[in-house]
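Below, each chain spelled out in residue letters.
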Amino acid sequence: MMNNRNAYIEIIILILASFSPLLSQPIKAALVLILLIINYKYFLKFRKNKIIILGIFIAIFTLSLTLDLRNVSSLSQIHILNLYFPMCILLGYVISEKYTLNRFCYLLDKIIIVLAVFSLIGVFIYTFIPNIVTYLPSYNNYHTTHRTAYIFNVLTNGPNGILKRNAGIAWEPGAFQFIANLGLYAYLKTNKKISLFKIGIYSLAVITTKSTAGILIFLAITFKLFIEDKKARVLILSSVLIFGGLILEELIYQYRYKLFGSFAFEIRLQPLLNAFNEGRNHFFGMGNSGFDIYYRNVTTPPWDSFGQIFIRYGYPLFIFINFRLLRLIKNQKVLFIIIVITLSSQNIWFFPLLTPFYFSFTENKIGELDFKNPNCQIKLDKKSHLC
């Protein structure tokens, strides 16, 4: 029971250190460091293929740091991200060693479904009793001020305005959709018999974000579910019949105002194109300090992960991370879609919740604790258990 509780706490910390706007960056860095120290023994379990992967990451970061020294006049000017990014990759390696993919997904589902319910409480409040929002504590996120109930955040537009999009515990809806879609993926992966109620909770959580990336991912998951599960088809078809008008209206809005050719699309695309255009001249990237110097007079650095990776670390890290993601296509196509579409819209490539997926998770071993029942161990045939 203690091991299971500690595992839940650890996953919660991963989620909060990745997505919560209520935690300062120093606190997030401290949490990452604490998890690394607590799990130090997993650095001693060397598996050749994973050590090579980790070694390549560290080599790229070390080379970038060395080259980045040219951009500063003193060591004090070296950007702290030169340390934080490698820490997050190291933590990803540790988590991938500590958990099997099934157990990691099982824990994610148990936690994220609660976060999804909390987020829908927030949706209910700002939709039907918005006056309550003004009494919630406020918090600052960069140059903006919003409201929080700690278990969910409400984005505000001015003193009394409310941006009616579900941000959950994250700083914005586009980030929370990743959590909700990942939770839905984790639930479907670890449960043969599915609950339409739980799928409904995840679905509402994603749809109420009104995130273009989130809806595209959700459609991919829904399509796979429609093909594979007869019971789910009833829910999907019923939803289309009942909410067909609202669904069509939302799809038209996304197409007109957020997809190709729209203003929202252009303001995200242009910084990405600028980053790749400038990055071509820096094979090993600008470095993190170099990035800050270059963009000091540029108002729009790339919003997405791929542009950020390319401009900061150049071709080596850009190619290597894409190579690590492409391997997911073989057995985890839905997970690949979730990660790649989100990375294309959010700068989260280094988040501790995501970095474990760059590595191959450890596989079930004899005597390992079963991912659903911590008091059971896997037997030789890996199908029965010793409890």
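Residues numbered from 1 in each chain as written. Predicted model: local features only at pLDDT ≥ 70, side-chain atom pairs only at ≥ 80, totals over all residues. Heavy atoms only, no water.

**Observations regarding the packing of aromatic side chains**
For the structure on display, the rule yields 33 aromatic pairs. Between phenylalanine 43 and tyrosine 93, the ring centres sit 6.2 Å apart and the planes meet at 20°, which makes this aromatic pair stacked. With a gap of 50 residues between them, phenylalanine 43 in the loop between helix 2 (25-38) and helix 3 (48-68) and tyrosine 93 in helix 4 (residues 81-98) connect regions that are remote in the sequence. In this structure tyrosine 93 comes out as buried when scored by relative accessible area, which is 1%. Where phenylalanine 57 meets phenylalanine 320, the ring centres are 5.0 Å apart and the plane angle is 75°; that geometry is what we call edge-to-face. Of the two residues, phenylalanine 57 sits in helix 3 while phenylalanine 320 sits in helix 12 (residues 305-326), which places them 263 residues apart along the sequence. Residue placement shows arginine 312 over the ring face of phenylalanine 291; its charged tip is 3.8 Å from the ring centre. (Phe/Tyr/Trp six-rings, centres within 6.5 Å; stacked < 30°, edge-to-face > 60°. Helix = DSSP H or I, 4+ residues; strand = E, 2+ residues; numbered from the N terminus. Buried < 20%, exposed > 50% of the residue type's maximum accessible area, 1.4 Å probe, protein only. Lys NZ or Arg CZ within 6 Å of the ring centre and 35° of its normal.)

**Brief notes about helix 4**
Look at helix 4: 25 Å from first C-alpha to last across 18 residues, which is about the 26 Å you get at 1.5 Å a residue. Among the 18 residues of helix 4, 15 are classified as buried, and the element is accordingly described as predominantly covered. (Expected span 1.5 Å × (residues − 1).)

**Section: the packing of helix 2 against helix 4**
At a closest axis distance of 10 Å, the pairing of helix 2 and helix 4 adopts a crossing angle of 40°. As far as their axial angle goes, helix 4 and helix 2 are oblique. Crossing angle aside, the handedness with which helix 2 passes helix 4 is left-handed. For the pair helix 2 and helix 4, contact is made by Gln25, Lys28, Ala29, Val32, Leu33, Leu35 and Leu36 and by Tyr84, Met87, Cys88, Leu90, Leu91 and Val94, respectively. Across the contact of helix 2 with helix 4, the residue classes tally to eleven nonpolar, one polar and one charged. (Axes fitted to C-alpha atoms, helices over the stretch in contact; angles between N-to-C directions. Parallel < 35°, antiparallel > 145°, perpendicular 65-115°, else oblique. Left-handed = near helix turned anticlockwise from the far one by under 90°. Contact = heavy atoms within 4.5 Å. Nonpolar A, V, L, I, M, F, W, Y, C, P; charged D, E, K, R; others polar.)

**Details of the side chain of glutamate 278**
Take glutamate 278: it is sitting in helix 10 (residues 263-279). Here glutamate 278 sits buried without a salt bridge, and the closest side chain of opposite charge, arginine 280, lies 8.2 Å off (N-O distance). A distance of 3.3 Å separates a polar atom in the side chain of glutamate 278 from a polar atom in the side chain of histidine 282. In contact with glutamate 278, other than residues within four places in its own chain, are Met286, Tyr294 and Ile311. (Lys, Arg positive; Asp, Glu negative; His and termini not counted. Salt bridge = Lys/Arg side-chain N within 4 Å of Asp/Glu carboxyl O. Polar contact = N/O pair within 3.5 Å; in protein donor to acceptor, adjacent residues only side chain to side chain.)

**Comments concerning the pattern of salt bridges**
The tally for this structure, following the rule as stated, stands at three salt bridges. Residue lysine 50 is joined to glutamate 97 by a salt bridge in which the shortest nitrogen-to-oxygen separation is 3.0 Å. Of the two residues, lysine 50 sits in helix 3 while glutamate 97 sits in helix 4, which places them 47 residues apart along the sequence. For lysine 50, a relative accessible area of 0% corresponds to the buried category. For glutamate 97, a relative accessible area of 8% translates into the label buried. Aspartate 109 serves as the salt-bridge partner of lysine 198, at 3.3 Å between the closest nitrogen and oxygen.

**Things to note about unusual backbone geometry**
Residue tyrosine 142 is not a glycine yet carries a positive backbone phi of 55°. Residue placement: tyrosine 142 occurs in the loop between strand 1 (138-141) and strand 2 (144-148). Overall, the relative accessible area of 78% leaves tyrosine 142 in the exposed class. With a phi angle near 75°, tyrosine 150 is a residue other than glycine that sits in the positive phi range. Looking at where tyrosine 150 falls in the secondary structure, it is placed in the loop between strand 2 and strand 3 (153-154). Classification of tyrosine 150 by relative accessible area gives exposed; the value is 58%.

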